[in-house]
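Descriptive analysis of the structure
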There are 2 protein chains.
Amino acid sequence: MADYEIFELGQVALQCGLTLPQTKLAYKTYGELNAQRDNVIVMPTFYGGQIAENETAMAGWRSLDPKKYFIVIPNLFGNGLSSSPSNTAPPFDRAVFPHVTIFDNVVCQHRLLTEHLGVKRIKLVLGFSMGAQQAYQWATLYPDMVETIAPICGSARTSPHNFLFLEGVKAALTADAAFAEGWYQTPPVKGLRAFARVYMGWCFSQDFFREHEYRKMGLASLEDSVRFLEGYFRRHDANDLLAMLWTWQHADLSANSTYKGDFVAALKAIKARALVMPGNTDLYFRTRDNELEVAQMRNAELRPIPSIWGHVAGLGVYPPDNEFIDAGLKELLGAD
Amino acid sequence: MADYEIFELGQVALQCGLTLPQTKLAYKTYGELNAQRDNVIVMPTFYGGQIAENETAMAGWRSLDPKKYFIVIPNLFGNGLSSSPSNTAPPFDRAVFPHVTIFDNVVCQHRLLTEHLGVKRIKLVLGFSMGAQQAYQWATLYPDMVETIAPICGSARTSPHNFLFLEGVKAALTADAAFAEGWYQTPPVKGLRAFARVYMGWCFSQDFFREHEYRKMGLASLEDSVRFLEGYFRRHDANDLLAMLWTWQHADLSANSTYKGDFVAALKAIKARALVMPGNTDLYFRTRDNELEVAQMRNAELRPIPSIWGHVAGLGVYPPDNEFIDAGLKELLGAD
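Quick caveat: nothing in here was measured; it's all calculated off a predicted structure.

What counts, and where the lines are drawn
Residues numbered from 1 in each chain as written. Chains lettered and ligands numbered in written order. Predicted model: local features only at pLDDT ≥ 70, side-chain atom pairs only at ≥ 80, totals over all residues. Pairing = 2+ DSSP bridges. Helix = DSSP H or I, 4+ residues; strand = E, 2+ residues; numbered from the N terminus. Axes fitted to C-alpha atoms, helices over the stretch in contact; angles between N-to-C directions. Least-squares fit on C-alpha atoms with pLDDT ≥ 70 in both. Contact = placed C-beta atoms within 7 Å. Nonpolar A, V, L, I, M, F, W, Y, C, P; charged D, E, K, R; others polar. Domains from an automatic or database assignment. Parallel < 35°, antiparallel > 145°, perpendicular 65-115°, else oblique. Left-handed = near helix turned anticlockwise from the far one by under 90°. Buried ≥ 20, exposed ≤ 12 C-beta atoms within 10 Å, placed from the backbone.

Section: the sheet that holds strand β7 (residues 273–276) of chain B
The strands making up a sheet associate through backbone hydrogen bonding, with each pair oriented either parallel or antiparallel. Residue and element names in this part refer to chain B. Within the open sheet, the eight strands sit side by side as β1-β2-β4-β3-β5-β6-β7-β8. Their pairing is mixed. With one partner strand each, in any of the chains shown, β1 (5–13) and β8 (300–302) form the two edges of the open sheet. Between one strand axis and the next, the sheet turns by 20° as a mean value, whatever way the strands run. Pairing of strand β3 (residues 40–42) with strand β5 (residues 124–128) involves two bridges; the strand directions are parallel.

This is how it looks when you write it as structure tokens:
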């Protein structure tokens, strides 16, 4: 039995111009909505992350306490639980699943919160990586609904270099002829393994490996670390990975009819208090990108995580990084 | 007609235990050896670089003046000019070309210099990237022969993360079934293209792309930049690329019978004055690695190149970086 719920969105008109029938948004809630309906936290998911990984982060960031807060985890389209290439019927299945944007994701999440869960105000939207991109999108689309945001190791818009890094992992996966333009009958294992091997160079810092930090994850060697990441990605369908990758590559909080590509205007529209926490050794979501964003925001603070865990500093798995992030979340929540 | 010469090494016993017959070392010289034989500069080649690329660097670093110096460029085994998978006869051809180390390369270059060119002292060994690795190797193997070295964007030993980056590009290339374990009849184009696309994320800095610095190379877009690198790599045979990649991954100036893996001892044995110039935004040959090396050397200075061109800062193509490097070379050469 699935440990999550499905919100049936019906037909969804996507930004790309295609209309996805019977669209499903997978989500899970923790705690109870209080009488004042003012204890809501939303934590959208990151690339490849599902319920279990988000629960790990919640355990590490103790301010996210289900005894006090009503916490909602909506799953990214393409992650295998919400509508994805792997679980959608023809003519939108597999290689022809439509391109879905961060905007599409957040508009659907807003429907879940308002139409289904009866939420009117959100105390905090936080997220790691692509989750951070969704937090930015929430705050600019619904400025009067979102009180605070905590984008962790993520940006409001995917930078050119970040786009290029993703081009690399995509090229590694699709170089495998078994991928067959997405119409494979059995998983393109060689391509998936290459995808993970390329990805591994990016997701921690260079120093992480020199200092053998992977040992703190119970991994004995560099090759053990590669296999660990292979396990993370190989449980996913290849088309699902590519669908989320497209969403990531095209993330831009202003790419919608409200802001028409005016990036600065979209940032200025954010009313939420923002605590932006990049990893100071992250190789693709860079502190510099957040710095440029924060300079345009009304009420934002940049607070880099001092860590050699690179991007993974924000994943919620390493106790010292978790302490740092949790202190920030505690401030935003005004908790004791 | 080839614009380089071949030094016939005959049978060469390699560190891996295999003996390569009719081994060829391609090289080119510029200028004349003076009567005192004290004007010799050696510049070993970098990954994928051949004569033309090194001549570009020489033009950019004006201290390398053939009117004053006798400059020797020995080509790396595997680069398609010296013995390589693509130009060696069975049973050492193509997929079964032996693993060649930086040590093997430098021992053969030493034979070229001493047996063939009549050189006894070298004023400067400099090199970019894998060329820098060879400069370190020269200085520790022949401490009384080498007066100064300038390792540019390269380390004495390949770091774990650098190894991992190379695992990624290798995985992208070999994910293509057309690679056929190295026994392809036609080039594995899809794999070579994936190789270049992954590589592109690494060879410049993140800021390089945000600032559109590629325009200074006459490239209009991110995709133009990827195609540019594709051109650089696709002129090479896939097995050649993998042969040089193996050499790079296993670079360690102490991995030989002289130093038996004692990295510190090998660094301490260097007598040459060393000016070590990493790129301060290089993503794989890191300043931190050079810093740890310099701390163990007798007469070494660390002088990072302030540039957002990443690794390419040391390639000899961007005038401001060239000026910085050239000033350092001028100091080493004691030139006017």
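Still to come is the rest of the account.
Examining the relation of the copies chain B and chain A
Laying chain B over chain A is done by rotating through 180° and shifting 0.0 Å along the axis; what remains is an RMSD of 0.0 Å. What the superposition gives is, in effect, a two-fold axis relating one chain to the other. Scanning chain B for the C-alpha nearest the rotation axis identifies B:Ala172, at a separation of 2.2 Å. The residues that chain B uses at the interface reappear at the interface of chain A in 100% of cases, marking a shared surface.

Here we look at the interface of chain B and chain A
Bring the parts together and some accessible area is lost; that lost area is often taken as the interface size. Between chain B and chain A, the contact holds 28 residues from the first and 28 residues from the second. Contributing elements (two or more residues each) for the side of chain B that touches chain A: α4 (160–174), α5 (189–203) and α6 (206–210) of chain B. Per-element tally for the side of chain B that touches chain A: the top contributor is α4(B), with nine residues. Split by residue class, the side of chain B that touches chain A holds 13 nonpolar, six polar and nine charged.

A look at the sheet that holds strand β4 (residues 70–74) of chain A
Residue and element names in this part refer to chain A. Strands sit in the order β1-β2-β4-β3-β5-β6-β7-β8 across an open sheet of eight strands; the sheet is mixed. Where the open sheet ends on each side, the last strands, each with one partner, are β1 (5–13) and β8 (300–302). Within the sheet, the average angular offset between the axes of one strand and its neighbour, ignoring direction, is 20°. Here four bridges tie strand β5 (residues 124–128) to strand β6 (residues 148–152), and the two strands are oriented parallel to one another. Note that in β6 the partner of Val125 across the bridge is Ile149. Seen against the sheet, helix α11 (residues 319–333) touches β5, β6 and β7 (273–276) and runs at an angle of roughly 165° to β6.

Points about the domain arrangement of chain A
Residues and elements named next belong to chain A. Taken domain by domain, chain A holds domain 1 (5–157 + 253–333) and domain 2 (163–245). Centre-to-centre, using C-alpha coordinates, domain 1 lies 23 Å away from domain 2. The residue makeup of the side of domain 1 that touches domain 2, split by class, is 11 nonpolar, nine polar and one charged.

Topic: the packing of helix α4 (residues 160–174) of chain A against helix α8 (residues 238–249) of chain A
For any two helices packed against each other, the geometry comes down to the angle between their axes and how far apart the axes lie. All names here are of chain A. Where α4 contacts α8, the axes come no closer than 10 Å and their chain directions differ by 165°. It follows from the interaxial angle that α4 and α8 lie roughly antiparallel. In this structure, the crossing between α4 and α8 has a hand that is left-handed. Note on element contacts: α8 touches α4 through Ala238, Leu242, Leu245, Trp248 and Gln249, opposite Phe163, Leu166, Lys170 and Leu173. Looking at side-chain class alone, the contact of α4 with α8 contains seven nonpolar, one polar and one charged residues.

A word on the pairing of β4(A)
Residues and elements named next belong to chain A. Of all five residues making up β4, five are buried, and the element is well covered by its neighbours. Direction of pairing for strand β2 (residues 19–30) relative to β4: antiparallel, over a ladder of four bridges. Across the sheet, Thr29 pairs through a bridge with Val72, a residue of β4. Judged from the three bridges that link them, strand β3 (residues 40–42) and β4 form a sheet pairing that is parallel.

Section: the pairing of β1(A)
All names here are of chain A. The sheet contact formed by β1 and β2 spans seven bridges and is antiparallel. Its bridge partner being in β2, Glu8 is matched across the sheet by Lys24. Hairpin connection, β1 to β2: the antiparallel pair is bridged by five residues, and Gly17 has positive phi, about 100°.

Quick notes on unusual backbone geometry
With omega at 5°, the peptide bond leading from A:Pro90 into A:Pro91 counts as cis. Of note, B:Cys153 is a non-glycine position whose phi angle comes to about 50°, a positive value. Position of B:Cys153 relative to the elements: it lies in the loop between β6 (148–152) and α4.

Thoughts on the environment of A:Asn79
All names here are of chain A. Within the secondary structure layout, Asn79 lies in the loop between β4 and α2 (102–116). With 25 C-beta atoms packed within 10 Å, Asn79 lands in the buried category. Through-space distance from the C-alpha of Asn79 to that of Tyr47 is 7.5 Å; in sequence the pair is 32 residues apart. For Asn79, the contacting residues outside a window of four places in its chain are Thr45, Gly48, Gln50, Ser84, Asp240 and Met244.

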